[in-house]
Amino acid sequence: MAALSKIPHSCYEIGHTWDPSCVQSAVDVARGALEVSFKIYAPLYLIAAVLRRRKKDYYLKRLLPEILWSTSFLTANGSLYIVFFCLLRKLLGGFHSWSAGFGSALPASYIAILLERKSRRGMLTIYMTNLATETLFRMAVTRGIVKPIRHGEVLLFCTTASLYMFFFRSKDGLKGFAFSALKFIIGKEEIPTHSVGAEQISSRPLERTEDPQASGERPPRSRTLVARIRELLQSICKKGPRHRCCKHCQDNCISYCVKGFVRMFSIGYLIQCCLKVPSAFRYVFTKPSRLPALFYNKENFQLGAFLGSFVSIYKGTSCLLRWLRNIDDELHALIAGFLAGMSMFFYKSTSISMYLFSKLVETMYFKGIEAGRFPYFPHADTVLYAISTAICFQAAVMEVQNLRPSYWKFLCRLTKGRFALMNRQLLDVFGTQASRDFKGFAPKLDPRYTTVLPPGADIQLG
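Quantities reported herein were computed from a predicted structural model and do not represent experimental measurements.

What counts and how
- Residues numbered from 1 in each chain as written.
- Predicted model: local features only at pLDDT ≥ 70, side-chain atom pairs only at ≥ 80, totals over all residues.
- Heavy atoms only, no water.
- Axes fitted to C-alpha atoms, helices over the stretch in contact; angles between N-to-C directions.
- Helix = DSSP H or I, 4+ residues; strand = E, 2+ residues; numbered from the N terminus.
- Left-handed = near helix turned anticlockwise from the far one by under 90°.
- Contact = heavy atoms within 4.5 Å.
- Nonpolar A, V, L, I, M, F, W, Y, C, P; charged D, E, K, R; others polar.
- pLDDT = per-residue confidence, 0-100.
- Phe/Tyr/Trp six-rings, centres within 6.5 Å; stacked < 30°, edge-to-face > 60°.
- Buried < 20%, exposed > 50% of the residue type's maximum accessible area, 1.4 Å probe, protein only.
- Lys NZ or Arg CZ within 6 Å of the ring centre and 35° of its normal.
- Expected span 1.5 Å × (residues − 1).
- Polar contact = N/O pair within 3.5 Å; in protein donor to acceptor, adjacent residues only side chain to side chain.

Attention now goes to the packing of helix H4 (residues 99-115) against helix H14 (residues 380-398). Taken N-terminus to C-terminus, the directions of H4 and H14 make an angle of 145°; their axes are 7 Å apart at the nearest point. In this structure, H4 meets H14 at a crossing whose hand is right-handed. For the pair formed by H4 and H14, the contact residues are Ala100, Gly101, Phe102, Ala105, Leu106, Ser109, Tyr110, Ile113 and Leu114 on the first element and Thr382, Val383, Tyr385, Ala386, Ile387, Thr389, Ala390, Ile391, Phe393, Gln394 and Val397 on the second. Residue composition of the contact of H4 with H14, grouped by class: 15 nonpolar, five polar and no charged.

The next subject is the confidence of the model for the protein chain. With 84% of its residues at a pLDDT of at least 70, the protein chain reaches an overall mean of 84. Scored below 50 in pLDDT, residues 194-216 makes 35 contacts in the model with residues more than four places away or belonging to other chains.

All told, the structure shown has 22 aromatic pairs when counted by the stated rule. Seen in terms of ring centroids, Phe85 and Phe95 are 4.9 Å apart; in terms of plane orientation they differ by 35°. Their pairing is tilted. One end of the pair, Phe85, is in helix H3 (residues 56-92); the other, Phe95, is in the loop between H3 and H4, and ten residues separate them in sequence. Overall, the relative accessible area of 0% leaves Phe85 in the buried class. Consider the rings of Phe265 and Phe301, whose centres lie 6.4 Å apart with planes at 40°: the pair is tilted. Placement of the pair is Phe265 in helix H9 (residues 253-280) and Phe301 in helix H11 (residues 298-325), with a sequence separation of 36 residues. Every member of this aromatic cluster is reached through a ring pair, and the members are Tyr81, Phe85, Phe95, Phe393, Trp408, Phe419 and Phe438. Positioned above the aromatic ring of Tyr58, the side-chain terminus of Arg54 is 4.7 Å from the ring centre. Residue placement shows Arg263 over the ring face of Phe184; its charged tip is 4.8 Å from the ring centre.

Time to look at helix H2 (residues 22-51). For H2, with 30 residues, the first-to-last C-alpha span of 43 Å sits near the 44 Å given by 1.5 Å per residue. Those residues of H2 that fall on the buried side of the exposure criterion are Ser25, Ala26, Asp28, Val29, Gly32, Ala33, Val36, Ser37, Tyr41, Ala42, Tyr45 and Ala49. Considering only its buried residues, H2 is in contact with H3, helix H5 (118-142) and helix H15 (405-414). Capping of H2 at its N-terminal end is provided by Ser21; its side-chain oxygen lies 3.5 Å from the backbone amide nitrogen of Val23. Just downstream of H2 lies Arg53, where phi reads positive at about 60°.

Set out below in structure tokens:
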């Protein structure tokens with residue numbers, strides 16, 4: 001069937017199929033979104049307040065208003081969508097391929113983001129822009145416009161990491177949270193410096209431990225394999241070389257890399273374990289035998305290997321380049337960062353790659369504004385958020401197979417499952433396979449409020 005430009009069905013037949021009343025449907029969505037939004041933001045703000053060590057006045061005066069502020073934003077985003085969905089149907093006399101998703105979500109998202117605090121708009125915009133870019137890419141792949149690149153998320157992460165590390169090593173390259181985060185991950189030894197030659201570095205000699213054999217002490221005769229390996233590693237770490245340009249004065253280059261791996265591997269492992277703790281609580285009394293699996297889960301080791309290898313590869317490459325070039329140069333960060341990005345093979349994530357790339361673009365854009373090379377657009381974050389959210393809603397309505405599954409689950413949760421009740425079989429005429437993932441679902445409609453058509457008849461334009 002050829003794709004049509006408009007279908008004459010009512011908003012009840014396509015959108016709010018659970019109730020023929022537009023007003024009642026909007027109230028239903030708002031009520032459900034309010035409940036879900038509060039459940040999302042209440043623990044989120046509470047945990048953030050604890051981690052930031054807020055004082056008592058914050059909990060008494062500011063915590064609840066901030067929770068309600070963000071709750072109203074998310075509730076408005078969901079409920080206003082169905083409002084504009086019905087308004088556009090009445091104004092246009094039917095549904096176009098763009099009006100049910102993009103057209104309805106655009107004004108709803110713009111109004112909703114204005115209700116949110118200004119301090120959170122930038123973060124929300126980055127997240128939705130990242131999601132919209134991924135959605136557009138999937139749409140282009142589905143239509144045969146572009147071809148996906150094998151391990152593309154790893155290549156994107158390598159490029160992003162390379163530029164991030166270059167900015168980290170450059171003078172005034174990164175500021176604020178990005179600089180603090182990289183300083184925590186990489187370590188203070190790689191804090192930004194200018195190009196420094198070996199002759200300008202006054203290095204401190206390494207402390208060497210006394211050899212047991214030289215001191216007359218005899219090693220025990222019976223030693224296990226583990227003890228021998230531990231002794232070998234300690235010997236390598238203590239007696240290894242360190243270049244004069246290297247700033248890790250307490251360690252040689254080998255121990256510097258090994259310690260970096262162990263530290264970040266442990267952090268990554270613990271983070272993944274903590275993320276799985278809430279879901280494991282339900283098995284404490286019912287299936288306690290499943291609790292040990294929390295600690296040796298495969299994903300725990302994958303995240304640990306990703307973070308640990310990223311740090312060790314970056315530090316090892318930086319040390320190697322200092323040995324080869326006899327200079328400490330910020331250009332080393334381009335090569336070291338790119339090679340360190342290969343660590344994503346342990347923990348492939350399109351979301352991480354796209355988010356970091358979006359943040360990198362934002363950083364470069366603001367640097368361009370400071371240099372006077374890029375123009376500054378007021379309220380660009382609100383407009384970009386509205387457009388990005390509208391693109392995601394377009395996919396959620398017309399081609400949910402191209403939307404990130406986690407975001408689709410979030411939309412269903414926010415609307416109490418009502419987003420999945422749309423009559424997507426009627427939207428198949430636009431050629432996007434809207435009902436492909438819904439297994440022939442057809443809502444039961446009240447015939448008093450439906451458009452009467454002969455059984456099996458095609459929809460024709462008036």
